[in-house]
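Tertiary structure, described
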Amino acid sequence: VQIKGNILSMPKCELHTDLDKGQSAVKYTLSGEGAGTIFTIDQITGDIHALRSLDREEKPYYTLRAQAVNIETNRPLEPESEFVIKVQDINDNEPKFLEGPYTASVPEMSPVGTYVMKVMATDADDPTYGNSARVVYSILHGQPYFSVDPKTGVIRTALPNMDREMKELYQVLIQAKDMGGQLGGLAGTTTINITLSDVNDNPPRFSKSIFHLRVPESSAVGSAIGRIKAHDLDTGKNAEVEYNIVPGDGGAMFDITTNEHNQEGIIMLKKPLDYETKKAYTFKVEASNAHLDPRFHNFGPFKDTATVKINVLDVDEPPVFSKPSYAMDVYEDTPQGTIIGAVTAQDLDAGNSPVRYSIDWKSDLDSFFDIDPVRGTISTNELLDRESIAQHNISVVATKVNNPVLTSRVAVTVHVLDINEFPPELAMPYETFVCESAKVGQVIQVISARDQDLPQAGQRFSFKSPQEGVKTKNFTIRDFGNNTAGVVTLRGGFKRRSQEIYHLPVLIEDGGLQTLSSTSTLTIRVCGCDTDGSLLTCSAEAIFLHVGLSTGALIAILVCIVILLVIVVLYVGVRRQKKKETLMTSKEDIRDNVIHYDDEGGGEEDTHAFDMGTLRNPKVIKENLFRRDVKPELGLCPRRPIASQNSADISNFINQRLQEHDGDTSAPPYDSLATYAYEGEGSVAESLSSIESVKGETEEDYDYLNEWGPRFKTLAGIFGERSEIFLNKHHLERKITA
């Protein structure tokens, strides 16, 4: 049985059995899927009706069972019959785009027909029955830029040379309609946002052809002096710009780099500027794309050129010395005030200010030199000594008159030249000996000389003996010509017993312009030697060598001496430690000594010096109680006075106690303080306690406190309130009494 969907309460089929003779003795029953809820049957006629609308997309068919029974006995007249009710499809569902809205991207300048994306709509109707599920695609909005295939839903470009720089985002509305697009079909729509991605189809362009920059001549080398920018309409890597300075006038002074963040060209200074040398520079800068697309080479060159003109600004600069440094020579005997050289500096600015010179005092602390502030001539201020300071390094300062803040410095090196002022002398003290077996003409010593002077061509010394010409000679000096000489024997057969020591004078001359000489004396000792000339003994050391001590013995003697010294030092230290006892260490030593006791005592709580109870209560005086602040002597017991308990005059009591203390021989010989906490008895004023003062409370006017000044203002206020309370109290008491 087929039933069209969405039809309500309409008989779909009729069930009938052969046993039904029209006598109404048969009843029909229905069971199965939807029986009683979706479908119902007429028990008499067997007609089946639908109780509500049917949806094929919800359930395409139902299986039911029917049976004929006796209407009276309700007994089945025949077996149960099964049948299927199939819901016939109608076009009640529109196509739907389940994934919309869509986004897509396509490169700009793409040719016509470039694939963009594919869309698909689904229809819930039965595709096997009629055209209910046959979908056709079309563009409602987005033409003429894009097109869609009506069957496949593929979207392609429809216009050539779409430029992203003109329009970047396109919104396309696609429609899907069933029934093959015929009238009466249902439709669904979706939106596609298509973005044109960038390609490198635009060259960089400068906003202007000439850029003017102003740069101070004091700009540091390597600093940025200006910025230029070429704009590229592309984005991302396609907008990256490379800047280059075209070789030519001024290009060698500057360099240019690209700022990666904003693609600006930063002009850098490569060499220092000088306004006085050149006031302006002009060069060209070329901007080009870093990433070229060969598809657009026919568009023209992807670069642009601009001219940069830089004007150098004049800056007030310090003076400039004619040389980076100066060197001067002066002899050490040059008189004071002699000019040894000059420095020159010039103001190269347009003002051409005069320059003044001075020497930095830190470089010439001893003031060896002076300088003329106007001419720059340097002269000596003191006599120079090459042997003390061979080279002076001073700093000369040049200052502009019209701007003293601007200064420059130059180093001046003064070399002190040597003069021949020191005579030569032996290079060292020589210990010369001659063997008893020496022969005639034997060289027994080679000597050399030294000189504190420093000749420019090197030192040259000559040696000779001033005794030349004397007939009797033992030794002579032979000059070797290389600044050394030898002591040569003129005879043989030297005997220690005959003469132990010989003295040989040596005359040494230098090779200065003004020759200086000196005479030194060599002491030659006669010694005993072996056959090969090695020294054995000399007369002064013979005894010592025969009875000499070995090195080990000498070391042992030194160790013993050190031990004895240590023992002596320890003994002296112990003796001094014993003598450091203080004078009060001995109990017998009671010479004039002042001992300080920084003890202030404990006041009334200090009960160690005196018995405070006795002083406060004279009635409990104990007999034979000695004072604690003195050491009592044997056999002496201070007499304790008997306190008068009946005395009403406290002054008599105190005078009596004072006389007793003055006459006490056991008391210390210095003034002492005795305290008597005794008020006396029988006072006319009786008790001064304030405990019972409430009983005698009387009215009193405290207004006079207000006249005592601002210091008693608070007290007057307190007692004033108290007076009012007291008056109110008595006034109330009078009323109660009345």
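Residues numbered from 1 in each chain as written. Predicted model: local features only at pLDDT ≥ 70, side-chain atom pairs only at ≥ 80, totals over all residues. Heavy atoms only, no water.

Some points on the overall build of the chain
Just so we agree on the cut-off: Secondary structure counts use DSSP, requiring at least four H or I residues in a row for a helix and at least two E residues in a row for a strand, with both numbered from the N terminus. Summary of the burial criterion: residues with accessible area below 20% of their type's maximum are buried, those above 50% are exposed, and those between are partly exposed, where the area comes from a 1.4 Å probe applied to protein chains only. Residues count as neighbours in contact if any of their non-hydrogen atoms are within 4.5 Å of one another. Methods summary: accessible areas were calculated by the Shrake-Rupley approach with a probe of 1.4 Å, and residue burial reflects only the protein chains presented.
Counting its secondary structure elements, the chain contains five helices and 40 strands. Evaluated residue by residue, the chain yields a buried proportion of 31% over its 738 residues. The long-range fraction of contacts in the chain, counting pairs at least 24 apart against all pairs at least 6 apart in sequence, stands at 64%. Carbon and sulfur atoms make up 53% of the accessible area of the chain, which amounts to about 48,000 Å² in all.

Remarks on the nonpolar core
To be explicit about the condition: By nonpolar core we mean a set of buried residues, namely Ala, Val, Leu, Ile, Met, Phe, Trp, Tyr and Cys, connected to one another through side-chain atoms within 4.5 Å.
Residues Phe 206, Phe 254, Ile 267, Val 285, Val 308 and Ile 310 are the most contacted members of the largest nonpolar core, which totals 24 residues. The set of elements that each furnish at least two residues to this core consists of strand E16 (210-216), strand E17 (224-231), strand E18 (241-245), strand E19 (254-258), strand E20 (264-269), strand E21 (280-289) and strand E22 (303-313). Setting aside residues up to four positions removed in sequence, Phe 254 forms contacts with Ile 225, Ile 245, Ile 267, Met 268, Leu 269, Lys 270, Leu 273, Tyr 281, Phe 283 and Ile 310.

Here's the deal with the sheet that holds strand E9 (residues 115-118)
Quick note on the threshold: A pair of strands is labelled paired if DSSP reports no fewer than 2 bridges between them. Interaxial angle, 0 to 180 degrees, is taken between N-to-C directions of lines fitted to C-alpha atoms, where a helix line uses only the stretch in contact.
Overall, antiparallel pairing links the three strands, which are arranged E9-E12-E11 in an open sheet. The sheet is open, and its two borders are formed by E9 and strand E11 (146-148), each paired with just one other strand. If you compare each strand with its neighbour and ignore which way they point, the axes differ by 20° on average. Bridge count for E11 against strand E12 (residues 154-157) is three bridges, and the pairing is antiparallel. Among the inter-strand pairings, Ser 147 is bridged to a residue of E12, identified as Arg 156.

Side note on the state of the cysteines
Heads up, the condition is: By definition, disulfides here are pairs of cysteine sulfur atoms that lie within 2.5 Å.
Within this structure, the stated rule accounts for one disulfide. The disulfide partner of Cys 435 is Cys 529, and the S-S distance across this bridge is 1.9 Å. Disulfide Cys 435-Cys 529: torsion about the S-S bond near -80°, hence left-handed. One end of the pair, Cys 435, is in strand E33 (residues 432-435); the other, Cys 529, is in strand E39 (residues 517-529), and 94 residues separate them in sequence.

Quick word on the packing of aromatic side chains
Which entries qualify depends on this criterion: Classification of ring pairs uses Phe, Tyr and Trp, with its six-membered ring standing for Trp, and accepts pairs whose centres are within 6.5 Å; under 30 degrees between planes counts as stacked, over 60 as edge-to-face, and the remaining range as tilted. Here, a charge over a ring is recorded when the distance from Lys NZ or Arg CZ to the ring centre is within 6 Å and its angle to the ring normal is within 35 degrees.
Counted under the stated rule, the structure contains eleven aromatic pairs. The interplanar angle of 75° and the centroid separation of 5.7 Å between the aromatic rings of Phe 146 and Tyr 170 together place this pair among those described as edge-to-face. On the criterion of sequence distance, the pair formed by Phe 146 in strand E11 and Tyr 170 in strand E13 (residues 169-177) is long-range, its members being 24 residues apart. With relative accessibility at 2%, the residue Phe 146 sits in the buried group. Put simply, the rings of Tyr 145, Phe 146 and Tyr 170 touch in pairs and so form one group of aromatic residues. Over the ring of Tyr 62 we find Lys 59, and its NZ or CZ is 5.6 Å from the ring centre. The ring of Tyr 275 is capped by Lys 279, whose NZ or CZ atom sits 4.8 Å from the centre of that ring.

Considering the pairing of strand E38 (residues 501-510)
A large share of E38 lies buried, amounting to seven of its ten residues. Both E38 and E39 contribute to a ladder of nine bridges, which runs antiparallel. Bridging from a neighbouring strand, Tyr 502 pairs with Ile 524 of E39.

Remarks on the side chain of Thr 484
Here Thr 484 lies in strand E37 (residues 484-489). Taking the relative accessible area as the measure of exposure, Thr 484 reaches 19% and is therefore buried. If we skip the residues at most four places from it in the chain, Thr 484 touches Val 446, Ile 447, Ser 448, Phe 463 and Asp 479.

Thoughts on unusual backbone geometry
Comment: phi is negative for the bulk of residues other than glycine, and the bulk of peptide bonds are trans. With omega at 5°, the peptide bond leading from Gln 143 into Pro 144 counts as cis. With respect to the helices and strands, Pro 144 occurs in the loop between strand E10 (136-141) and E11. Positive phi, close to 60°, is recorded for Met 179, a residue that is not glycine. Within the fold, Met 179 resides in the loop between E13 and strand E14 (187-197). Positive phi is not limited to glycine here, since Ser 367 has a value of about 55°.

So, the pairing of E12
In this sheet, E12 lies alongside E9 in antiparallel orientation, the contact comprising three bridges. Residue Met 117 lies in a different strand from E12, and its bridge partner there is Ile 155. Connecting E11 to the antiparallel partner E12 that follows it, the hairpin turn spans five residues, and Gly 153 within it adopts a positive phi of roughly 80°.

A closer look at the confidence of the model for the chain
Close reading of the predicted structure is inappropriate where its pLDDT is low. Under the convention used in this document: What pLDDT reports is the predictor's confidence in each residue, on a scale of 0 through 100.
Counting all residues, the mean pLDDT for the chain is 79, and 76% of those residues have values of 70 or more. This stretch, residues 5-11, has a pLDDT under 50; its non-local contacts, to residues over four places away or in other chains, come to 22 contacts. When the criterion is pLDDT under 50, residues 540-548 qualifies, and its contacts beyond four places in sequence or with other chains add up to four contacts.

Focus: a nonpolar patch on the surface
Note the cut-off: Residues form patches when they are more than 30% accessible in relative terms and have no salt bridge. Like charges link within 9 Å. Nonpolar side chains (Val, Leu, Ile, Met, Phe, Trp, Tyr) link within 5 Å. The salt bridge definition used is simple: a Lys or Arg side-chain nitrogen within 4 Å of an Asp or Glu carboxyl oxygen.
A grouping of Leu 554, Ile 557, Leu 558, Ile 561 and Leu 565 is seen on the molecular surface, where their side chains present a nonpolar patch of about 470 Å² in accessible area. As for its placement among the helices and strands, Leu 565 is situated in helix H2 (residues 551-578). You can call Leu 565 exposed: its relative accessible area is 54%.

A look at the pattern of salt bridges
Side chains bearing opposite charge may pair, as long as their charged atoms lie close to each other. On inspection of all chains with the given rule, the structure shows 16 salt bridges. Across the pair Glu 425 and Arg 450 runs a salt bridge whose closest N-O atoms are separated by 3.1 Å. Taken together, the residues span a long stretch of sequence, with Glu 425 in strand E32 (residues 425-426) and Arg 450 in strand E34 (residues 443-450) at a distance of 25 residues. Ionic pairing is found between Glu 436 and Arg 496, a salt bridge with its closest N-O pair at 3.1 Å. Within this pair, whereas Glu 436 is found in the loop between E33 and E34, its partner Arg 496 is found in the loop between E37 and E38, the two being separated by 60 residues in sequence. Among the charged side chains, a salt-bridge network with shared partners connects Arg 164, Glu 165, Glu 168 and Asp 198.

Concerning the environment of Ala 35
Within the secondary structure, Ala 35 is located in the loop between strand E3 (26-32) and strand E4 (39-41). Those residues in contact with Ala 35, other than ones at most four positions away along the chain, are Leu 30 and Leu 64.

A look at the sheet that holds strand E24 (residues 325-331)
In sheet architecture, strand pairing relies on hydrogen bonds along the backbone and comes in two forms, parallel and antiparallel. With respect to topology, four strands assemble into an open sheet ordered E24-E31-E30-E27, the strand pairing being mixed. Whereas interior strands pair on both sides, the edge strands pair on one side only; in this sheet they are E24 and strand E27 (355-359). Each strand axis lies, on average, 30° off the axis of its neighbour in the sheet, ignoring direction. Here strand E30 (residues 391-400) pairs with strand E31 (residues 407-417) via nine bridges, running antiparallel. Paired with Asn 393 across the two strands is Thr 413, which belongs to E31.

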